[in-house]
Amino acid sequence: MKIWQADFYRCPQPDASGQVLWYVLICDLHRDFEYEATCPQAQANSSWVASQLQQAAGEKLPNVIQVFRPQSLSILEQAGKSLGITVEATRHTLALKQWLQQKQYPVVLDKPPPAPLPENLWGEQWRFASLVAGEIVDAFSDRPIPVLEMPEHLQPLNLGLASTVPIPGVVIYGGRQSMRLARWLQQANPISLNYIAGTPDGLVLEAGLVDRWVVATFEDKEVTNAARVFTQRKQQSRGLHFLVVQPDDSGVTYTGFWLLREE
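Residues numbered from 1 in each chain as written. Predicted model: local features only at pLDDT ≥ 70, side-chain atom pairs only at ≥ 80, totals over all residues. Heavy atoms only, no water.

- As annotated in an unreviewed UniProt entry, the protein carries the name DUF1092 family protein and is attributed to Tolypothrix bouteillei VB521301.

So, in structure tokens, the structure goes:
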């Protein structure tokens, strides 16, 4: 499968005549292939982007184009649709972001304040947890879990983690809402869970391209200490962590599992 990463956005500086320019940057997952072009603002539309995609591709168009910037998404989707290319919205565009940073183009996105998780989705209980790296894939990969997100590039072995490293996580006991919550999370596309110190403390889910959701708030000292351990273990595990949704604490049935890591 041929996968590209692309960004279409306004150039940080105008040209010598003061004209506003727009750029398109395209690369593959390892930057073995790179393509860039600019156009005046009057030409900055999906037709121009589609023509650049065709020019960059030659005879073989990509199967998928990954896009991380919300402002780029609709035009790239239109361009991709006209060429029969699937456009995937994802934060995981490391090669493209590295290139943008080298060119001193904007990478950091404005994010809204976290919104409360919808009340009709919330489960009965939640807790922090951990599993050693060597067990995490075997523990979940062969189970009949309706929603299972365990990308190969996030598996501990592929991140170079020793089998004894503890991988932190969060377990939500969803009760009757378990499947509804798992399906909602699947659509939201979880990226990472972060402990935010405050009054009260909070657990925030990063999802989609810029979405943020308050999973829980707490003032209990024991929970705060567990949250700090969770954060410390994330540092030891190179950011790798997990989220589990299950109906109860029996350990028999799981509804959803996600390996998570903020880029």
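1. A word on the sheet that holds strand β4 (residues 64–67)
Step number 1: Across the sheet, five strands lie side by side as β3-β2-β1-β4-β5; this open sheet has mixed pairing. Two strands lie at the open edges of the sheet, namely β3 (34–40) and β5 (86–89), each paired on one side alone. Strand-to-strand twist across the sheet, computed as the mean angle between neighbouring axes with direction ignored, equals 25 degrees.
Step number 2: Against the sheet, helix α2 (residues 70–83) contacts β1 (3–10), β4 and β5, and its axis sits at roughly 125 degrees relative to β1. (Pairing = 2+ DSSP bridges. Helix = DSSP H or I, 4+ residues; strand = E, 2+ residues; numbered from the N terminus. Axes fitted to C-alpha atoms, helices over the stretch in contact; angles between N-to-C directions. Contact = heavy atoms within 4.5 Å.)

2. Structural notes on the domain arrangement of the protein
Step number 1: For the protein, the domain assignment lists domain 1 (3–103) and domain 2 (115–261).
Step number 2: Here domain 1 and domain 2 have C-alpha centroids that lie 33 Å from each other.
Step number 3: In this assembly, nine residues from domain 1 lie in contact with nine residues from domain 2.
Step number 4: Considering only the surface of domain 1 that becomes buried against domain 2, Pro 70, Arg 91 and His 92 emerge as the three largest contributors, covering 79% of it.
Step number 5: Across the salt bridge formed by Arg 91 and Glu 206, the nearest N and O atoms sit 3.0 Å from each other. (Domains from an automatic or database assignment. Buried area = accessible area lost by both parts, 1.4 Å probe. Salt bridge = Lys/Arg side-chain N within 4 Å of Asp/Glu carboxyl O.)

3. A few points about the side chain of Ser 237
Step number 1: Considering the arrangement of structural elements, one finds Ser 237 in the loop between α6 (221–236) and β13 (241–246).
Step number 2: Its relative accessible area of 0% is what places Ser 237 among the buried residues. (Buried < 20%, exposed > 50% of the residue type's maximum accessible area, 1.4 Å probe, protein only.)

4. A look at the UniProt feature "domain: RNA-binding protein Tab2/Atab2 C-terminal" (unreviewed entry) in the protein
Step number 1: Within the UniProt annotation, "domain: RNA-binding protein Tab2/Atab2 C-terminal" (unreviewed entry) is assigned to residues 106–261.
Step number 2: In the segment residues 106–261, helix accounts for 23% and strand for 35%; the C-alpha atoms at its two ends are 22 Å apart. (UniProt positions renumbered as here; feature names shortened; annotations may be inferred.)

5. What to know about the nonpolar core
Step number 1: Residues Phe 8, Ile 26, Leu 53, Ile 65 and Leu 100 are the most contacted members of the largest nonpolar core, which totals 40 residues.
Step number 2: Looking at this core, the elements that each hand over two or more residues are β1, β2 (21–28), β3, α1 (46–57), β4, α2 and α3 (94–102).
Step number 3: Take this core: its biggest share by element is seven residues, from β2.
Step number 4: The contact partners of Ile 26, leaving out residues within four places of it in the chain, are Trp 4, Gln 5, Ala 6, Phe 33, Glu 34, Tyr 35, Leu 53, Ala 56 and Trp 99. (Core = buried A, V, L, I, M, F, W, Y, C linked by side-chain atoms within 4.5 Å.)

6. Some remarks on α2
Step number 1: Helix length check: α2, at 14 residues, gives a terminal C-alpha distance of 20 Å against a target of 20 Å (1.5 Å per residue), a fit within 8%.
Step number 2: Along α2, the sharpest kink reaches roughly 25 degrees, centred on Leu 76.
Step number 3: By the burial criterion, the buried members of α2 are Ser 72, Leu 73, Leu 76, Ala 79, Gly 80 and Leu 83.
Step number 4: The inward-facing, buried residues of α2 contact β1, α1, β4 and β5.
Step number 5: Just downstream of α2 lies Gly 84, where phi reads positive at about 75 degrees. (Expected span 1.5 Å × (residues − 1). Bend = angle between axes of the 7 residues up to and from the residue.)

7. Overview of the pattern of salt bridges
Step number 1: Counting across every chain of the model gives seven salt bridges.
Step number 2: Linking Glu 34 and Arg 31 is a salt bridge whose minimum nitrogen-to-oxygen distance equals 2.6 Å.
Step number 3: Shared partners join several salt bridges into a network, and the residues in it are Arg 91, Lys 111, Glu 206, Arg 212 and Glu 262.

8. What to know about α6
Step number 1: Over its 16 residues, α6 extends 23 Å from the first C-alpha to the last, a length consistent with the 22 Å expected when each residue adds 1.5 Å.
Step number 2: Of all the residues in α6, the buried ones are Thr 224, Ala 227, Phe 230 and Lys 234. All buried residues of α6 project into a common sector of 110 degrees when viewed along the axis, lining one side. For α6, the exposed residues set more than 90 degrees away from the buried face come down to Lys 221, Glu 222, Gln 235 and Gln 236.
Step number 3: Of the surrounding secondary structure, the elements contacted by the buried residues of α6 are β7 (125–132), β9 (166–173), β10 (190–196), β11 (201–207), β12 (211–218) and β13.
Step number 4: Positive phi appears at Arg 238, one or two residues downstream of α6, with a value of about 60 degrees. (Arc of directions from axis to C-beta.)

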